[in-house]
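A structural walkthrough
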Amino acid sequence: ITYGDWSSDVCSSDLDVHLRGLIAEANGNPAGAEEAFWEGLRLSPDFTSSYAQLVSRATSLARSEPDKARRILDRLAEARPDLKVAAELRRRLGL
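Residues numbered from 1 in each chain as written. Predicted model: local features only at pLDDT ≥ 70, side-chain atom pairs only at ≥ 80, totals over all residues. Heavy atoms only, no water.

**Quick look at the nonpolar core**
Counted only if it meets this: Side-chain atoms within 4.5 Å are what join buried Ala, Val, Leu, Ile, Met, Phe, Trp, Tyr and Cys residues into a set we call a nonpolar core. Buried residues are those whose accessible area, probed at 1.4 Å on protein chains only, stays under 20% of the maximum for their type, while exposed residues exceed 50% and partly exposed ones sit between those limits. Runs of E in the DSSP output that reach at least two residues are strands. Runs of H or I that reach at least four are helices, and both are numbered from the N terminus. In what follows, residue pairs with any heavy atoms lying within 4.5 Å of each other are defined as contacts.
Of all hydrophobic cores here, the largest spans 18 residues; its most connected members are Trp38, Leu41, Tyr51, Leu54, Ile72, Leu73 and Leu76. Breaking this core down by element, the ones donating at least two residues are helix 2 (30-43), helix 3 (48-61), helix 4 (66-79) and helix 5 (85-93). When residues of this core are assigned to their parent elements, the largest contribution, 5 residues, is made by helix 3. Ignoring anything within four residues of it in the chain, the contact list for Tyr51 reads Leu41, Leu76, Arg80, Leu83, Val85 and Ala86.

Here's what the structure looks like:
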């Protein structure tokens, strides 16, 4: 799966950016996926699919890379304080 010549300049809608993240993830590029999900959240804080993907990423990193998981959850809690999922997950995971 490829996303051709997409870039943040070409891909301006939150859905397009989110899809770019999913494609990056499918291609084994977790860093690229994470970057796209953050961009999607920045473009539209109400687009919760990107938020959910980042929560999932933090969950998968909780045992192997707890510091990185904590940073993701802290950043999510700061970006969307109205959504309590990130803060609660951090607490439950002991991060």
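**Quick look at helix 1 (residues 14-26)**
Quick reminder of the rule: One less than the number of residues in a helix, times 1.5 Å, gives the span that helix is expected to have.
Compared with an ideal rise of 1.5 Å per residue, which puts 13 residues at 18 Å, helix 1 spans 18 Å between its outermost C-alpha atoms and is within 8% of the ideal. Against the buried residues of helix 1 lie helix 2 and helix 3.

**A short note on the packing of aromatic side chains**
Selection criterion: For Phe, Tyr and Trp, rings pair up if their centres lie within 6.5 Å, where Trp contributes its six-membered ring, and each pair is then called stacked (planes under 30 degrees apart), edge-to-face (over 60) or tilted (otherwise). Any Lys NZ or Arg CZ that is within 6 Å of a ring centre and within 35 degrees of that ring's normal is treated as a charge sitting over the ring.
Counting across every chain of the model gives 0 aromatic pairs. Here Arg75 stacks its cationic end above the ring of Trp38, 3.8 Å away from the centre of that ring.

**A closer look at the pattern of salt bridges**
Threshold: Salt bridges are defined as contacts in which a side-chain nitrogen from Lys or Arg sits within 4 Å of a carboxyl oxygen from Asp or Glu.
Under the defined criterion, the tally for this structure stands at 8 salt bridges. A salt bridge links Arg57 to Glu34; the shortest N-O distance between them is 2.8 Å. Of the two residues, Arg57 sits in helix 3 while Glu34 sits in helix 2, which places them 23 residues apart along the sequence. A relative accessible area of 17% means that Arg57 is categorised as buried. Classification of Glu34 by relative accessible area gives buried; the value is 12%. Two residues, Lys68 and Glu34, come together in a salt bridge whose shortest N-O distance is 3.9 Å. Taken together, the residues Lys68 in helix 4 and Glu34 in helix 2 connect sequence positions 34 residues apart. With a relative accessible area of 24%, Lys68 lands in the partly exposed category. Ionic contacts of the salt-bridge type, sharing partners, join the residues Glu34, Arg57 and Lys68 into one network.

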